[in-house]
Every structure is written in structure tokens, then in C-alpha cells.
Amino acid sequence: MPGAETMLDRPPADDLAGFVAAVGDAVVVADPDGAITVWNPAAERIFGFTAADALGQSLDLITPERHRRRHWDGYAKTMRTGITRYGAETLRVPAIHKDGHQLSIAFTVGMIRDATDQVTGIVAVIRDETERWAEEKRLHQRVAELEALPNGS
């Protein structure tokens, strides 16, 4: 039917909330100031913070201190321009778990806009790649060790 919206065009709020709760990757939404407004069960599993811990808090909750300035500079630019290259490109960065240990995460982001096209927030879909990153580091180290052996050994 012409003009008819499908479920993919605009899912009902209940279906969207169910999707966000069911998906295996973390879904984190923040407002223009960087306050967390959505924190799904996968975010709880990955970062260790419950929704009660995270909602209303700054993204500093999961951003290592040494990366915060760069994070906020990029965040402010994205909120100001409404443009991000990480909608299609995956960003890989360190993050922190509630217990303080470092994580390696990979994510994409999308801009959330209102009916007037004003940016009202940003959504990040995040995957924990800590184990994959550690394995890759071990493999690179092993290759370097093997390359350092004298020829014929």
C-alpha cells in the first residue's frame, strides 16, 4: 500500500524496547550532554554496571580517564555537527568495567534526531572484543618470537 509504514520503518515502542533488551550487543544511548538514557542487559553483562547504576550517569562511567578528553572533544563535535563517521566505520577503544579492569570494545554509533532533525542523542551498539584482542596480541607476539629465531632453527 502506498504510504504504509512497515515494522522496519517504525517499530512500535514495545517492540523496540524488546529488541534492545534481547540483542546480544550492548545498546547504550546518551543525550547531547553525554548522560546515559538507555542501558540494556548486554551493557550490564559487558560493563558490570546495572541499569540503575548507569542511567543518568555520564559516559565517563565506562571511559578510561586517560581517554576522556579525546572522547568528549569528539562527542561535542558530533553533537554540534550531527555527523559521525562511526555509523559505518567500527571504532575500537578501551573501556572500563565496574570492577576496574580494562576492556577492549568495538562499536558503531547512530545519531538520534527529533521530528525537526535536531540531534537529541546518540546510540552506540557495542561488542566486547577483549578476548579477541588479547588473542591477536598473543599471536603477534608469537610471530615476532618466531621471526627472531636464527634461520634453520
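For clarity, every value in this text was computed on a predicted model and none was experimentally measured. (Residues numbered from 1 in each chain as written. Predicted model: local features only at pLDDT ≥ 70, side-chain atom pairs only at ≥ 80, totals over all residues. Heavy atoms only, no water.)

Enquirer: Help me out: how do you make sense of the packing of aromatic side chains in this one?
Expert: Any aromatic ring pair is given by two values, namely how distant the centres are and how the planes are angled relative to each other. Evaluated as defined, the whole model comprises 2 aromatic pairs. Consider the rings of Trp-72 and Tyr-75, whose centres lie 5.2 Å apart with planes at 70°: the pair is edge-to-face. Taken together, the residues Trp-72 and Tyr-75, both in helix 4 (residues 68-81) and 3 residues apart, mark about one turn of the helix. (Phe/Tyr/Trp six-rings, centres within 6.5 Å; stacked < 30°, edge-to-face > 60°. Helix = DSSP H or I, 4+ residues; strand = E, 2+ residues; numbered from the N terminus.)

Enquirer: Is there a simple way to explain the layout of surface pockets in this structure?
Expert: One water molecule sets the probe size; rolling that probe over the atoms shows where empty space is left. By volume, the largest pocket amounts to about 840 Å³. Broken down by element, the lining of the largest pocket gets its largest block of residues, 7 residues, from helix 4. (1 Å grid on protein atoms, 1.4 Å probe; cavity = no way out; pocket = protein on both sides within 12 Å on 5 of 7 lines; lining within 4 Å. Points joined across faces, edges and corners; volume = space filled by probe spheres on them.)

Enquirer: What am I meant to see in helix 4 here?
Expert: Residues lying three or four places apart along an α-helix face the same way, a consequence of the helix completing one turn every 3.6 residues. Over its 14 residues, helix 4 runs 20 Å from end to end, which matches the ideal 20 Å to within 8%, given 1.5 Å per residue. Taken as a whole, helix 4 has its buried residues at Tyr-75, Thr-78 and Met-79. In a view along the axis of helix 4, the buried residues occupy a sector of 95°, so they form one face of it. Structural note: helix 4 exposes Arg-69, Arg-70, Lys-77 and Arg-80 on the side pointing more than 90 degrees away from its buried face. (Expected span 1.5 Å × (residues − 1). Buried < 20%, exposed > 50% of the residue type's maximum accessible area, 1.4 Å probe, protein only. Arc of directions from axis to C-beta.)

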